[in-house]
Amino acid sequence: MATTILIPTALRAFTDANARVEVEGRTVGEVLDALVARHAALRPHLFAADGRLRNFVNVYLNEEDCRHLQSTATAVRDGDVVSIVPAIAGGR
Amino acid sequence: MSEMPPLSREEMARYSRHLVLPEVGLEGQRALKAGSVLLIGAGGLGAPLGMYLAAAGVGRIGLVDFDVVDATNLQRQVTFSTADVGRPKLQAAAERLRGINPHVQVDLHQVQLTAANALDILRPYDVIVDGTDNFPTRYLVNDACVLLNKPNVYGSIFRFEGQASVFWAEKGPCYRCLYAEPPPPGLVPSCAEGGVLGVLPGVIGTIQAIEVLKLLLGRGETLLGRLLLFDALAMRFRELRLRQDPECARAGSCQKVRGLVDYDAFCGITPPAAAAATVAGEITPADLAARLARREDLVIVDVREPHEWDICHLEGARLVPLRTLPEVVDSLPRDRPLVVHCKLGGRSTKAAEFLRASGFENVLNLTGGIRAWIDSVDPSLQKY
């Protein structure tokens, strides 16, 4: 049961420069837990101190924002892609 | 939109490749001439936007920016030439746009967009384009568009990555549906700190320009309800679904924006007056220079990356990239003052907090980073 997590440029410094990480898990929450278990420095960038996903980081299961599904409890299937999309502001 | 204006013989010749497109044609070209667009930010995104929209014959183009052209802009802001360095951006941009197409009216708003002036500046335009470079202005532009019920063509870039979408609160999601809150200051580096590939704003800005034309023509499918992601390193486009907040969708309009607010406070930014005052734990470049001249036994810790160190560094400094700090923290002396610095002061603030939390009692952060040092102490170092 491998799920691919796509890592944005801004966070690749914490995943040994990997743009994608393969992890195991049954829900979005479990695969994110597996990701931060492997790359501990990522945790504060994804989760607030109370363990909730930060508001300026969106997590998508395939094309859908998981907040519009069952959030971190959303089930993932083999071959699903989870994307982390943080807010960026550059333009000049 | 105003009455459709006629096209002169010269305009007909100029727009010939549009006129033969059935989706544009004479009627569409006149709609473009009747249309107006406001570009907020005349920088990396604003450069291709302004030039292509002028060339395409959009009748009225407003530009909002208060900056002057800097040498570091030329790597990506292709509106400007080397000779423009030091000139107001709007002056140089207006010349370029009028040179491309004299039939276009170019309005210049040489001000910083604020909650006080935003509604008046945005009101006369059909389409608003967000090409700014900071979170407070992005939320301000979004909220003003929500209140005025205008489409907001969004583009954002960072390093090798870009995002684009169209927000329109009456018809779908707005920026607050995408990100309800901004990240705290310092967590997401700016392009000045983090860098940006010069061509990237060209890709995202031209995508925004296409969306503007489609909105004015009323043709095609815009990015409304979709977030387009571009990764230049992987050369991959992806598309994610962007849904309106269910509560706003039920109400038929945005329920989060009631009026304009203090956007610096919303984004957690300290007012400049307070930031400029001497802050405990900070040291100015002039003070550091004075202490070094007195041969005080300071340790300067540069928390930038090796490729930045190669461009310029302070004499006698020790390179410890921020991400490696936890590994080498035990090798730093605890009995001497530590002065930490980066390029602009963002990363070194985090380094100073980490060192203090690790028990270092005498840690000073160089205010404004090596950029401020070069500006006020040693201009012989290479600026970047």
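Residues numbered from 1 in each chain as written. Chains lettered and ligands numbered in written order. Predicted model: local features only at pLDDT ≥ 70, side-chain atom pairs only at ≥ 80, totals over all residues.

Visitor: Pulling in residues and values, what's your account of the overall build of chain A?
Guide: Check the secondary structure of chain A and you find two helices and five strands. Shown N-terminal to C-terminal, the secondary structure of chain A runs as helices and strands in the order β-β-α-α-β-β-β. Taking 12 Å as the expected radius of gyration for a compact globule of 92 residues, we find that chain A reaches 12 Å, a close match to that expectation. When its C-alpha atoms are laid out on the principal axes, chain A stretches across 40 × 30 × 25 Å. Put simply, chain A has 92 residues, and 36% of those count as buried. (Helix = DSSP H or I, 4+ residues; strand = E, 2+ residues; numbered from the N terminus. Rg over C-alpha atoms; globule rule 2.2 N^0.38 Å. Buried ≥ 20, exposed ≤ 12 C-beta atoms within 10 Å, placed from the backbone.)

Visitor: Let's hear about the overall build of chain B: which residues, and what values?
Guide: Of regular secondary structure, chain B possesses 18 helices and 13 strands. In terms of principal-axis extent, the alpha carbons of chain B reach across some 75 × 50 × 40 Å. Looking at chain B residue by residue over its 384 residues, the buried ones come to 41%. In chain B, the proportion of contacts linking residues at least 24 apart, taken out of those at least 6 apart, comes to 68%. (Contact = placed C-beta atoms within 7 Å.)

Visitor: Describe in detail the nonpolar core, supporting the description with residues and values.
Guide: Counting residues in hydrophobic clusters, the biggest one holds 77 residues, and the most contacted among them are Val37(B), Leu39(B), Leu53(B), Val129(B) and Val212(B). Of all hydrophobic cores here, the second largest spans 18 residues; its members include Val23(A), Leu32(A), Tyr60(A) and Ile84(A). (Core = buried A, V, L, I, M, F, W, Y, C linked by C-beta atoms within 7 Å.)

Visitor: Residue-level account of the sheet that holds strand S6 (residues 161-167) of chain B, with values.
Guide: All names here are of chain B. Pairing in this open sheet of eight strands is mixed, and the strands run S3-S2-S1-S4-S5-S6-S7-S8 from one edge to the other. Among the strands making up the open sheet, the edge pair consists of strand S3 (105-109) and strand S8 (236-241). Ignoring strand direction, the axes of neighbouring strands in this sheet form an average angle of 15 degrees. Pairing of strand S2 (residues 60-64) with S3, which is carried by five bridges, proceeds in the parallel orientation. (Pairing = 2+ DSSP bridges. Axes fitted to C-alpha atoms, helices over the stretch in contact; angles between N-to-C directions.)

Visitor: Outline the interface of chain B and chain A, supporting the account with residue identities and numerical values.
Guide: The interface is formed by 34 residues belonging to chain B together with 21 residues belonging to chain A. Breaking the side of chain B that touches chain A down by element, the ones donating at least two residues are helix H7 (135-148), strand S5 (152-158), S6 and S8 of chain B. When residues in the side of chain B that touches chain A are grouped by element, the largest group, four residues, is from S5(B). Residues that form the side of chain B that touches chain A fall into these classes: 15 nonpolar, 10 polar and nine charged. (Nonpolar A, V, L, I, M, F, W, Y, C, P; charged D, E, K, R; others polar.)

Visitor: Describe the domain arrangement of chain B, and please don't skip the residues or the numbers.
Guide: Residues and elements named next belong to chain B. Domains assigned within chain B are domain 1 (35-269) and domain 2 (273-376). Inter-centroid distance (C-alpha atoms) of domain 1 to domain 2 is 35 Å. Taken together, the contacts link four residues of domain 1 with five residues of domain 2. (Domains from an automatic or database assignment.)

Visitor: I'd like to hear about unusual backbone geometry, residue by residue, with values.
Guide: Backbone geometry at Asn62(A) places phi at a positive 55 degrees, although glycine is not the residue there. Along the polypeptide, Asn62(A) turns up in the loop between strand S3 (57-61) and strand S4 (64-65). Judged by C-beta crowding, with 14 C-beta atoms within 10 Å, Asn62(A) ranks as partly exposed. If you check the backbone angles, Asn149(B) has positive phi at about 55 degrees while not being a glycine. Along the chain, Asn149(B) falls in the loop between H7 and S5. Accessibility expressed as a C-beta count within 10 Å gives 12 for Asn149(B), which makes it exposed.

Visitor: Could you give me a rundown of the sheet that holds strand S12 (residues 338-341) of chain B, with the residues and numbers involved?
Guide: Strand pairing in a sheet takes place through backbone hydrogen bonds and is either antiparallel or parallel in direction. Residues and elements named next belong to chain B. The sheet built from five strands is open, its strands ordered S9-S13-S12-S10-S11 with parallel pairing. Since the sheet does not close on itself, it has two edges, and those belong to strand S9 (282-283) and strand S11 (318-319), each with one partner. The pairing of S9 with strand S13 (residues 363-366) spans two bridges and is classified as parallel. Residue Ile 283 lies in a different strand from S13, and its bridge partner there is Leu 366.

Visitor: Give a detailed account of helix H10 (residues 200-217) of chain B, specifying residues and quantitative values.
Guide: Residue and element names in this part refer to chain B. A rise of 1.5 Å per residue sets the reference length of H10, with its 18 residues, at 26 Å; its end C-alpha atoms lie 26 Å apart and thus fit the reference within 8%. When H10 is considered as a whole, its buried residues turn out to be Leu 200, Pro 201, Ile 204, Gly 205, Ile 207, Gln 208, Ala 209, Glu 211, Val 212, Leu 213, Leu 215 and Leu 216. Once H10 ends, the next one or two residues include Gly 218, with phi positive near 65 degrees. (Expected span 1.5 Å × (residues − 1).)

Visitor: Report on helix H1 (residues 28-38) of chain A, specifying residues and quantitative values.
Guide: Three or more residues of H1(A) are buried, namely Val28(A), Val31(A), Leu32(A) and Leu35(A). The arc that holds every buried residue of H1(A), seen down its axis, measures 100 degrees, which confines them to one face. (Arc of directions from axis to C-beta.)

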